Amino acid sequence: MRLTVEEAYRAHADAVFAAAFSVCRSRADADDVVQDTFLRYLTKPKEFDSAAHLKAWLLRVAINRATDLTRSRWRDHLSWEEEIAALPFEAPEDERLMDAVLQLKEPDRIVVHLYYFEGYSVKEIAQLIQRREGTVKSRLCRARAALKTMLQEEWNDDEP
């Protein structure tokens, strides 16, 4: 199975952007990662077994590229708090949740994004990020506990 770049972009650009943003926490960097990801798709003549296989490949490329980009010293962009403020959210609690997720360590952010926002199973995430299922489960557990603590503290601070 091989889609045109336009078809692949229309089908998966939002998911690729979201995965990239969850890693690099910068809208500009995430846009660059999306561009790099689809450029790689264009230049790599690879056949995919299914639409799910294509999406998984695109997400893997995006996560790898975003990770490489965050390790680079030469980045100059807005803080992730400013980036969050620029994104449109339907409800204030959505913004608070995204803010909390972005405060997680990168490995935890990636598994949370893939599990909750992309709908991958623990087994699928393990294959995507090339880690054991137990590692993915541990990261999810740790991330959930951290999110619960962060959001609980914020909720307690809001009470009179």
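Above this note sits the structure.
Heads up: these notes are all about the structure in this document.

## Here's the deal with a nonpolar patch on the surface
Alright, step 1. A surface patch of nonpolar side chains, about 350 Å² in accessible area, is lined by L97, Y116, F117 and L151.
Alright, step 2. Counting through the fold element by element, L97 comes out in helix 5 (residues 92–102).
Alright, step 3. Under the relative-accessibility criterion, L97 is labelled partly exposed at 34%.

## Section: the nonpolar core
Alright, step 1. L114, I129 and V136 are the most contacted members of the largest nonpolar core, which has 44 residues in total.
Alright, step 2. Breaking this core down by element, the ones donating at least two residues are helix 1 (5–24), helix 2 (27–43), helix 3 (51–71), helix 5, helix 6 (106–117), helix 7 (122–129) and helix 8 (133–158).
Alright, step 3. Considering each element in turn, this core owes the most residues, ten residues, to helix 3.
Alright, step 4. With residues near it in sequence (within four places) discarded, V136 still touches V111, V122, I125, A126 and I129.

## Some points on the packing of aromatic side chains
Alright, step 1. Per the counting criterion, the structure on display carries six aromatic pairs.
Alright, step 2. Ring geometry for Y9 and F38: centres 5.2 Å apart, planes at 65 degrees, overall edge-to-face. Of this pair, Y9 sits in helix 1 while F38 sits in helix 2, and the two are 29 residues apart along the sequence.
Alright, step 3. Among the aromatic residues, ring-to-ring pairing joins Y41, F48 and W57 into one connected group.

Criteria and cut-off values
- Along each chain, numbering runs from 1 in the same order as the chain's sequence is written.
- A pLDDT threshold of at least 70 governs which residues receive local features in this predicted model, and a stricter bar of 80 or more applies before side-chain atom pairs are shown or counted, although totals over entire chains, interfaces and linings include all residues.
- In computing side-chain values, all of the structure's heavy atoms are included and hydrogens and water are not.
- Note that patches include only residues with greater than 30% relative accessible area and no salt bridge, and the join distances are 9 Å for like charges and 5 Å for nonpolar side chains (Val, Leu, Ile, Met, Phe, Trp, Tyr).
- For every accessible area listed, the method is Shrake-Rupley and the probe measures 1.4 Å; residues are considered covered only by the protein chains on display.
- Any Lys or Arg side-chain nitrogen located within 4 Å of an Asp or Glu carboxyl oxygen qualifies as a salt bridge.
- Runs of E in the DSSP output that reach at least two residues are strands. Runs of H or I that reach at least four are helices, and both are numbered from the N terminus.
- Throughout, exposure labels follow a simple rule: accessible area from a 1.4 Å probe, protein chains only, divided by the maximum for the residue type, with under 20% read as buried, over 50% as exposed, and the rest as partly exposed.
- Nonpolar cores are built from buried Ala, Val, Leu, Ile, Met, Phe, Trp, Tyr and Cys residues. Side-chain atoms within 4.5 Å join them into one set.
- The contact definition used throughout considers only heavy atoms, calling two residues in contact when any of these lie within 4.5 Å.
- Pairing of aromatic side chains requires ring centres within 6.5 Å, counting the rings of Phe and Tyr and the six-membered ring of Trp. Pairs whose planes differ by under 30 degrees are stacked, by over 60 edge-to-face, and all others tilted.

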